[in-house]
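Examination of the molecular architecture
So the chains spell out like this:
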Amino acid sequence: MIVQLPPDFMERLALELVKAGRREIGGVLVGEHLAEATFRVADFSVQRSGGSVSCFVRRPAKHRRFLERFFERTGRDFERFNYLGEWHSHPCFEAMPSSTDLSQMQAIVEDETNAAHFALLLIVRMGSSEHVEINALAFTPFCLPTPVRVQLAERPVDDPAMGYGGRRGSAAIVTTVMNWFRRMRASGGTA
């Protein structure tokens, strides 16, 4: 499986990770089916509550409105645009899923009330070089998770799935946040 991430997705994700600091955050991934086993993440929700330094507790109810708005924007074309999976951060640990992460994702795809045929899990963190590190796995019912190839790819100009008011990320904002992040690291957390 291949999953494409637009640059503005990466910019927004980096901003959220920096804002969260050492606290785990996460959310839902939605996207577009592009071709056989190829998907593009179009948008993501952010749950800032429920996380600590070493744990993230997903709260599905917090993402219902986000999902409903996404489905409205994309004309409820569920074959093309749909739920892709979940993401959360590991700010203090490697971008590798824990045993809890693995079992929760497996439970999502094996839940008989869930219509998902698969679910993607992205574990993310800010690396030491101020780049977002990503580990991606795909889950299917009653199978072991499989690694997913992640590609950076521009989104279409007329993207119907474009979220957050149609605004693209700003390189100036990202540069400012990254400079702040470097100062925080250099000063031991007192910038």
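Note that this is a predicted model, so its numbers are computed, not measured.

Parameters at a glance
Sequence positions are assigned chain by chain, starting from 1 and proceeding in written order. Under the rules for a predicted model, residues below a pLDDT of 70 receive no local features and side-chain atom pairs below 80 are neither given nor counted, while totals for whole chains, interfaces and linings still include all residues. To get the side-chain values, all heavy atoms of the structure are used, and hydrogens and water are removed first. Strands here mean DSSP runs of E at least two residues long; helices mean DSSP runs of H or I at least four residues long; both are numbered from the N terminus. The span expected for a helix works out to 1.5 Å for each residue beyond the first. The cut-offs for exposure are 20% and 50% of the maximum accessible area for each residue type, with area from a 1.4 Å probe on protein chains only; residues under the lower value are buried, those over the upper are exposed, and the others partly exposed. The arc in question is the one spanned by the directions pointing from the helix axis to the C-beta atoms. Any two residues having at least one pair of non-hydrogen atoms within 4.5 Å are treated as being in contact. Side-chain rings of Phe, Tyr and Trp, where Trp is taken by its six-membered ring, are said to pair if the distance between their centres is within 6.5 Å; with planes under 30 degrees apart they count as stacked, over 60 as edge-to-face, and otherwise as tilted. In this scheme, the term charge over a ring applies when either NZ of a lysine or CZ of an arginine sits within 6 Å of the ring centre and within 35 degrees of the ring normal. Side-chain atoms within 4.5 Å are what join buried Ala, Val, Leu, Ile, Met, Phe, Trp, Tyr and Cys residues into a set we call a nonpolar core. Here a cavity denotes grid points, spaced 1 Å and computed from the protein atoms alone, that fit a 1.4 Å probe unable to get out, and a pocket denotes an open set having protein on both sides within 12 Å along at least 5 of 7 lines; residues with an atom within 4 Å of a point are the lining. Grid points are joined across faces, edges and corners, and a volume is the space filled by probe spheres set on the points. Two N or O atoms form a polar contact when they lie within 3.5 Å of each other; inside protein one atom must be a possible hydrogen donor and the other a possible acceptor, and for residues adjacent in sequence the pair counts only when both atoms belong to side chains. Definition used for salt bridges: Asp or Glu carboxyl oxygen within 4 Å of a side-chain nitrogen of Lys or Arg. Here the rule is simple: two strands pair whenever DSSP picks up at least two bridges between them.

If you check helix α3 (residues 99–110), its first and last C-alpha atoms are 16 Å apart, about what 12 residues at 1.5 Å a residue would give, namely 16 Å. Restricting attention to buried positions, one finds in α3 the residues D101, M105, Q106, I108 and V109. Buried residues along α3 cover an arc of 155 degrees about the axis, so they all sit on one side. Along its buried surface, α3 packs onto β4 (81–89), β5 (119–126) and β6 (132–139).

This brings us to the packing of aromatic side chains. Taken as a whole and judged by the stated rule, the model has six aromatic pairs. Members of the aromatic cluster, joined through ring pairs, are F70, F71, F78 and F81. Seen from the ring of F44, R12 lies directly overhead, with NZ or CZ sitting 4.0 Å from the centre.

Nonpolar side chains in soluble globular proteins tend to end up buried together. Formed by 26 residues in total, the largest nonpolar core has its most connected members in F9, L29, W87 and L122. It is helix α1 (residues 7–20) that contributes the most residues to this core, seven residues altogether. The contact partners of L29, leaving out residues within four places of it in the chain, are F9, V41, D43, F44, Y83, L84, G85, E86, W87, L120 and L122. Counting residues in hydrophobic clusters, the runner-up holds 20 residues, among them V28, F71, A95 and V109.

Take the layout of surface pockets next. Of the pockets and cavities examined, the largest pocket occupies roughly 620 Å³. Around the largest pocket, the lining is made up of 26 residues, and of these N82, Y83, L84, N114 and A116 lie nearest the centre. Elements represented by at least two residues in the lining of the largest pocket include exactly β2 (26–35), α2 (64–73) and β4. At five residues, β4 tops the list of elements feeding residues into the lining of the largest pocket.

Another aspect to go through is the environment of F78. Here F78 shows up in the loop between α2 and β4. When the C-alpha atoms of F78 and H33 are compared, they prove to be 9.5 Å apart, with 45 residues separating the residues in sequence.

As for its position among the elements, E32 is in strand β2. A relative accessible area of 6% means that E32 is categorised as buried. Side chain to side chain, E32 and R80 meet in a polar contact 2.7 Å long. For E32, the residues in contact, after removing those within four places along its chain, are T38, F39, R40, R80 and F81.

Attention shifts here to the pattern of salt bridges. Counted under the stated rule, the structure contains 10 salt bridges. In this structure, the salt-bridge partner of R40 is D159, at a minimum N-O distance of 2.9 Å. Of this pair, R40 sits in strand β3 (residues 38–44) while D159 is found in the loop between β8 (149–152) and α4 (171–186), placing the two residues 119 residues apart along the sequence. Accessibility classification places R40 together with D159 in one group, the buried group.

Read from one edge of the open sheet, eight strands run β7-β6-β5-β4-β2-β3-β1-β8, paired in mixed fashion. Both edges of this open sheet fall to β7 (146–147) and β8, since each of them pairs with a single strand only. When β5 meets β6, the two strands line up antiparallel, connected through eight bridges. By the bridge assignment for β6, I123 is matched with N135.

Attention now goes to the pairing of β4. Counted residue by residue, β4 has eight buried out of nine residues, so it is predominantly covered. Of the pairings in the sheet, the one linking β2 to β4 comprises seven bridges and is antiparallel in character. Each residue of the ladder has a partner; that of V30, found in β4, is Y83. Of the strand pairs in this sheet, β4 and β5 are connected by five bridges, and their pairing is parallel. Along β5, the bridge assignment pairs W87 with L122.

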